[in-house]
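Each chain is listed here by its residues.
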Amino acid sequence: MSGGEACDGKKLVRSSSGLRMVPKHHAARSPFGLDEPPWVPDKDCPRCMQCETKFDFITRKHHCRRCGKCFCDKCCSKKVPLPRMCFVDPVRQCAECALISQKETEFYDKQLKVLMNGATFSVARGTSEKSELMVCRLSNNQRYLFLDGDSHYEIEIAQISTVQILTEGFTPGGGNTRATGMLLQCKVPESEELTQMKFTASEDFNSNKKLSAAWLAAMHKAAKLLYESRDQ
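- As annotated in an unreviewed UniProt entry, the protein carries the name Zinc finger FYVE-type containing 21 and is attributed to Gopherus evgoodei.

Here it is, written out as structure tokens:
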């Protein structure tokens, strides 16, 4: 088992927002995760922060578990899964946050599995024109990108600086494009400098093209979530 595949223990914790299954060590958390937001204090929100209904004994306050803002029941009634914060059960969220969380569900239900299953690419490192055929996949703990061929690389997801998806077949209307590869900039253990790696989808089999395109689409979504986690 490689260092990136080492098992990370988890623990069940209870917060004011609900039960969460989190890594025992903060360093082992998923790079796509979000921290729980601080709740807006009750004394600072006499009215719903969406519809401005005044709170009283009948109209109760509810906090959105994703943004921490204070709402009435009507504006914060949905309970939606929030895997980015490791909640065990669906949690109460405002309409805006619930929509975002629902869109992220596809990534956690489908695209993470695509990334973990992997795809084959020709990989060139730095300015070298020499490429190597490698199977690229996300580690089970979501913290590393494994590249396996004649060589083996482990890229820490947190050390990825930029991801640019390469496409071809552009038309004025923006249709009929397909992902053919990506440019990835990251820091590697042996250097503090950014290293660029170019991934090109293999042209060997049509089935592999579809798999590579699905993997690249999932990686594009993963990069967006990674940037959001850093900006939190």
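There's more to say after this.
1. Observations regarding the nonpolar core
In summary, soluble globular proteins display a tendency toward joint burial of nonpolar side chains.
At step 1: Counting 33 residues, the largest nonpolar core has Phe32 and Trp215 as the members making the most contacts within it.
At step 2: Residue assignment for this core shows that the elements contributing at least two residues are helix H1 (95-117), strand E7 (119-125), strand E8 (131-138), strand E9 (144-148), strand E11 (160-168), strand E12 (178-187), strand E13 (194-201) and helix H2 (206-231).
At step 3: A per-element tally of this core places H2 first, with eight residues.
At step 4: Every residue in contact with Phe32, bar those within four places of it in the chain, is listed here: Arg84, Phe107, Tyr108, Leu112, Leu138, Gln142, Ile157, Ala222, Leu225, Leu226 and Ser229.
At step 5: One finds Cys45, Cys48, Phe71 and Cys76 within the second-largest nonpolar core, a separate group that totals eleven residues.

2. Regarding the pairing of E12
At step 1: Of the strand pairs in this sheet, E11 and E12 are connected by eight bridges, and their pairing is antiparallel. From the neighbouring strand, Val163 faces E12, where its bridge partner is Leu184.
At step 2: With seven bridges joining them, E12 and E13 adopt antiparallel strand pairing. Bridging from a neighbouring strand, Lys187 pairs with Leu194 of E13.

How each quantity is defined
- Residues numbered from 1 in each chain as written.
- Predicted model: local features only at pLDDT ≥ 70, side-chain atom pairs only at ≥ 80, totals over all residues.
- Heavy atoms only, no water.
- Core = buried A, V, L, I, M, F, W, Y, C linked by side-chain atoms within 4.5 Å.
- Buried < 20%, exposed > 50% of the residue type's maximum accessible area, 1.4 Å probe, protein only.
- Helix = DSSP H or I, 4+ residues; strand = E, 2+ residues; numbered from the N terminus.
- Contact = heavy atoms within 4.5 Å.
- Pairing = 2+ DSSP bridges.

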